[in-house]
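Observations on the three-dimensional arrangement
Spelled out, the chains give:
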Amino acid sequence: MFIENQIIKDEYRIIRKIGEGGMGTVYLAEDIHMQQEVAIKLLHPALTTDAEIVERFKTEAKAQYKLTHPYIVKLTRLVQYGDDYFIVMEYVEGMTLKEMLRKTGLLPEDRALPIFHKILRGLAYAHSQGIIHRDIKPGNIIIDRKSGNPKITDFGIAKILGDKGMTQTGTKLGTVYYMSPEQIKNPKSVDQRTDVYSLGVTLYEMLTGNLPYNTSLESEYDLMNEIVNTPIKNPIDYYPHISPGVVKMIYHMTAKDKATRYGHCEEYIEFHLKNVNEEKQTPSQKVSSGSASFLLLLALTAIVVLLFIFGNDLTKMIKGGKIVKDSVTVNQDSIDKVEFDKLQREREKIKRDRDAKAKKDSIEAAKSDTLKKKKPTVEEETIPPDTTQN
């Protein structure tokens, strides 16, 4: 246990105690060399007397040290101090989400959802680095007083304790409410979807001020059985002003079967925004949108049909050319009546001219045949007899 103004390893000066939890006690301290405030979490003696747990803490601390994200509390060091160990972390001035909900009761959507989205992004980043939190709950989310942004803390602690069959000192049933069904049934087989479930329960509590399970149960076994087998209570029963898309998202995140949940946190941002856009459309807008799509499809179909029927000639018509082929079939249904009549007249004129020319050529051919019959050919001329020999 540290006291105010105590100097630790000539590096940190304890300012005051700021919190206490299952892992240990948290102090506000000053980094003497860097001249900045930090948070120091002195681990509970029950955790540091086990050599295996200490080694696990060191392993987890090295992994968490690599996490650098605006919505995750930055861990900087794991320090041994005599028989004790403490974690040095970024200091976030503010309160936990649990403390905030205790004061406000619940948060309206316009305030809760921006916080929820940022937690999703922080978890998505941690998951991309191969780290699962395993203990997402309002008590492990700090709300920065200056920016209003959430900061996730205490990564990996549940894994260290769970692997050793231990529970955090003083947690009682508090943490169990946020555990996923698969975490209860087989803690060693969980993946990032256990964090999705826990965050879904956290969002439920943010929007309703209540937990989705029976909080009057005194038996941990009964509570776990309810989490594994009983559907969550409808959040609308607690607070009727939650939008349908958000209710749908909560049910999706807290599905009993982890295979039903999305495997990536950021998919829930897309899931939520898609539902918001659908809800913003009025019924008349949806009908109008459907009609517009149908008309567009109809117009495109008509263009394809025209191109199929007319081919290159339609292109010539569009460019201002004329159709001069007799083989063109005029489709009255595909052009307006004026153009149809004009083209028909042109066809009739061409036919009349062709017929007249054919008739004229026939008459001239007949006359030529008559003249040929009247005029004898060279072979038919009579040669007078030769009389000079007499």
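Once a new chain begins, its residue numbering starts again from 1 and follows that chain's sequence as written. Side-chain atom pairs in this predicted model are given and counted only at pLDDT of 80 or more, local residue features only at pLDDT of at least 70, and totals for whole chains, interfaces and linings cover all residues. Processing note: side-chain calculations cover all non-hydrogen atoms of the structure and skip hydrogens and water entirely.

Observations regarding the overall build of the protein
Inclusion rule: By the criteria applied, helices consist of DSSP H or I runs no shorter than four residues and strands consist of E runs no shorter than two, each listed in order from the N terminus. Each residue is placed in one exposure class: buried if its accessible area under a 1.4 Å probe, protein chains only, is under 20% of its type's maximum, exposed if it is over 50%, and partly exposed if it falls in between. Contacts are residue-level and defined by heavy atoms, with any inter-residue pair within 4.5 Å sufficient. Computed with the Shrake-Rupley method and a 1.4 Å probe, the accessible areas treat only the protein chains shown as cover for residues.
A tally of helices and strands in the protein yields 13 helices and nine strands. Residues classed as buried in the protein amount to 38% of the 390 residues present. Once local pairs closer than 6 in sequence are excluded, the contacts in the protein between residues at least 24 apart make up 60%. Split by element, the accessible area of the protein, about 23600 Å² in all, is 53% carbon and sulfur.

Concerning the pairing of strand β2 (residues 12-20)
Keep this limit in mind: The pairing criterion for strands is at least two bridges between them, as found by DSSP.
Where strand β1 (residues 7-8) and β2 come together, two bridges link them in antiparallel fashion. Residue pairing for β2: isoleucine 8 is matched across the bridge by tyrosine 12. Hairpin connection from β1 to β2: three residues lie between these consecutive antiparallel strands, with lysine 9 at a positive phi of about 55°. Sheet topology places β2 next to strand β3 (residues 24-31); seven bridges connect them, and they run antiparallel. In the sheet register, glycine 19 faces β3, and the bridge partner there is valine 26.

Remarks on the packing of helix α7 (residues 193-208) against helix α9 (residues 244-253)
Which entries qualify depends on this criterion: For helices, the axis comes from a line fit to the C-alpha atoms of the stretch in contact; other axes are also lines fit to C-alpha atoms, and the angle between any two N-to-C directions lies between 0 and 180 degrees. Take the far helix as the reference: if the near one is turned anticlockwise from it by less than a right angle, the crossing is left-handed, and if turned clockwise, right-handed. Each residue is assigned to one of three groups, with Ala, Val, Leu, Ile, Met, Phe, Trp, Tyr, Cys and Pro labelled nonpolar, Asp, Glu, Lys and Arg labelled charged, and all others, Gly among them, labelled polar.
Two elements in contact, α7 and α9, have axes whose closest approach is 8 Å; the angle formed by their N-to-C orientations is 145°. The two elements α7 and α9 meet at a crossing, and its hand is left-handed. Where α7 abuts α9, its residues Val196, Tyr197, Leu199, Gly200, Leu203, Tyr204 and Leu207 lie against Val246, Met249, Ile250 and Met253. Of the residues assigned to the contact of α7 with α9, the class counts are ten nonpolar, one polar and no charged.

Comments concerning the pattern of salt bridges
So the rule is basically this: Salt bridges are defined as contacts in which a side-chain nitrogen from Lys or Arg sits within 4 Å of a carboxyl oxygen from Asp or Glu.
Within this structure, the stated rule accounts for eleven salt bridges. Taking the shortest distance from any N to any O, the salt bridge between arginine 13 and glutamate 30 comes out at 3.2 Å. Of this pair, arginine 13 sits in strand β2 while glutamate 30 sits in strand β3, and the two are 17 residues apart along the sequence. Residues lysine 58 and glutamate 55 are paired through a salt bridge, measuring 3.6 Å at the closest nitrogen-oxygen approach. With lysine 58 and glutamate 55 both in helix α2 (residues 51-65) and three residues apart, the pair spans about one turn of that helix. For lysine 58, a relative accessible area of 31% translates into the label partly exposed.

Concerning helix α4 (residues 109-128)
Definition in use: Take the number of residues in a helix, subtract one, and multiply by 1.5 Å to get its expected span.
In this model, α4 (20 residues) spans 28 Å end to end at C-alpha, consistent with the 28 Å of a helix rising 1.5 Å per residue. Just downstream of α4, glycine 130 is the residue with a positive phi angle, here 80°.

Details of the sheet that holds strand β7 (residues 94-96)
The strand order across the open sheet formed by three strands is β7-β8-β9, and the pairing between neighbours is antiparallel. Edge positions in the open sheet fall to β7 and β9 (150-152), since each of these has one partner strand only. Taken over all neighbouring pairs, the strand axes of this sheet differ in orientation by 30° on average, direction set aside. Taken together, the three bridges between β7 and strand β8 (residues 141-144) define a ladder with antiparallel strand orientation. Across the sheet, residue glycine 94 finds its bridge partner in β8, namely aspartate 144. Of the strands in this sheet, β8 and β9 touch α4, which is tilted by about 30° from β9.

A short note on the sheet that holds strand β5 (residues 75-81)
Reading across from one edge, β1-β2-β3-β4-β6-β5 is the order of the six strands in this open sheet, with antiparallel pairing throughout. Both edges of this open sheet fall to β1 and β5, since each of them pairs with a single strand only. Contacts from α2 reach β4 (36-43), β5 and β6 (84-90) within the one sheet, and its direction differs from that of β5 by about 155°.

Fair warning: the whole summary comes from geometry, so function is off the table for now.
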